[in-house]
Amino acid sequence: MSKAERRAGRGAEAAVPRVLGNTAALSATASRDTAVLWKLAESGRQLDANVVRLTPGRRIAPHAEPDLDVLVLVVAGDGVLGAGRQDEPQSLTTGTLLWLPHGSTRSITAGDDGLAYLTVHRRRPGLQIGQTP
């Protein structure tokens, strides 16, 4: 085991790249229900990621993520990104890549064919029980 692997707390086998899935297949075989189709669940990861499907017309209300930048890739369908406090509409189509900086206000609305997208962001630390100051 190398020094870097020891510092990271894992063996060489944990540091092997691998295929996790196919977003086209996930979105094509999904039911017509709004759902999380896939989640990154590998142990030792530094990222969180998921593929989400919204049914036609379904909307994620305007909200802001205070702590994390989020990268979004539309993998199927179409819809509208509402950007900023004015919910300024921006078209989303398959292949659109978005950066949602932390603190930004955004909403997402699926179009007539629904919308499937991949999100990626830094992993949130787990909840920890601590002492009150």
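Below is a summary of the structure that appears in this document. (Residues numbered from 1 in each chain as written. Predicted model: local features only at pLDDT ≥ 70, side-chain atom pairs only at ≥ 80, totals over all residues. Heavy atoms only, no water.)

**With respect to the overall build of the protein**
Next up, step 1: Across its full length, the protein carries two helices and seven strands.
Next up, step 2: Ordering the α and β elements of the protein from the N terminus gives α-α-β-β-β-β-β-β-β.
Next up, step 3: Long-range contacts, defined here as pairs at least 24 residues apart, represent 67% of the contacts in the protein between residues at least 6 apart.
Next up, step 4: Just so you have it, the protein exposes about 8900 Å², and 54% of that area is on carbon and sulfur atoms. (Helix = DSSP H or I, 4+ residues; strand = E, 2+ residues; numbered from the N terminus. Contact = heavy atoms within 4.5 Å. Areas by Shrake-Rupley, 256 points an atom, 1.4 Å probe, with all protein chains shown as cover.)

**A short note on unusual backbone geometry**
Next up, step 1: Despite not being glycine, D87 shows a phi value in the positive range, around 55°.
Next up, step 2: Structurally, the position occupied by D87 is in the loop between strand 4 (70–83) and strand 5 (88–93).

**Thoughts on the nonpolar core**
Considering soluble globular proteins, one finds that nonpolar side chains tend to be buried as a cluster.
Next up, step 1: Counting 13 residues, the largest nonpolar core has L92, I108, L115 and Y117 as the members making the most contacts within it.
Next up, step 2: Of all the elements in the fold, those that place two or more residues in this core are strand 2 (47–54), strand 4, strand 6 (97–100) and strand 7 (105–122).
Next up, step 3: Discounting chain neighbours no more than four positions away, the residues touching L115 are V52, R53, L54, V74, A76, G77, D78, G79, L92, I108, T109 and A110. (Core = buried A, V, L, I, M, F, W, Y, C linked by side-chain atoms within 4.5 Å. Buried < 20%, exposed > 50% of the residue type's maximum accessible area, 1.4 Å probe, protein only.)

**A closer look at the side chain of R53**
Next up, step 1: You can see R53 is positioned in strand 2.
Next up, step 2: Buried within the structure, R53 lacks any salt-bridge partner; D113 is the closest side chain of opposite charge, at an N-O distance of 7.6 Å. (Lys, Arg positive; Asp, Glu negative; His and termini not counted. Salt bridge = Lys/Arg side-chain N within 4 Å of Asp/Glu carboxyl O.)

**Quick word on the pattern of salt bridges**
Next up, step 1: The full count for this structure, using the stated rule, is two salt bridges.
Next up, step 2: One salt bridge connects R45 with D48, and the closest N-O pair in it is separated by 3.0 Å.

**Describing the environment of T55**
Next up, step 1: Within the secondary structure, T55 sits in the loop between strand 2 and strand 3 (59–64).
Next up, step 2: Through-space distance from the C-alpha of T55 to that of A110 is 6.5 Å; in sequence the pair is 55 residues apart.

**Focus: the pairing of strand 5**
Residues in a regular strand project their side chains so that they alternate between the two faces of the sheet.
Next up, step 1: Bridge analysis of strand 4 against strand 5 gives six bridges, and the strand direction is antiparallel. When the bridges of strand 5 are listed, V80 appears paired with S91.
Next up, step 2: Count of turn residues in the strand 4/strand 5 antiparallel hairpin: four residues, of which G84 carries a positive phi of about 80°. (Pairing = 2+ DSSP bridges.)

**Some details on the environment of V120**
Next up, step 1: The topology assignment puts V120 in strand 7.
Next up, step 2: Between the C-alpha atoms of V120 and L68, which are 52 residues apart in sequence, the distance is 10.0 Å.
Next up, step 3: Each residue touching V120, except ones within four places of it in the same chain, is listed here: L47, D48, A49, D69, V70 and L71.

**A few points about a nonpolar patch on the surface**
Next up, step 1: Taken together, the side chains of L71, L73, L97 and W99 present a nonpolar region at the surface, about 420 Å² in accessible area.
Next up, step 2: Among the secondary structure elements, those contributing two or more residues to the nonpolar patch are strand 4 and strand 6.
Next up, step 3: As for its position among the elements, L71 is in strand 4.
Next up, step 4: On the basis of relative accessibility, which here comes to 40%, the residue L71 falls in the partly exposed class. (Patch = residues over 30% accessible without salt bridge, like charges linked within 9 Å, V, L, I, M, F, W, Y side chains within 5 Å.)

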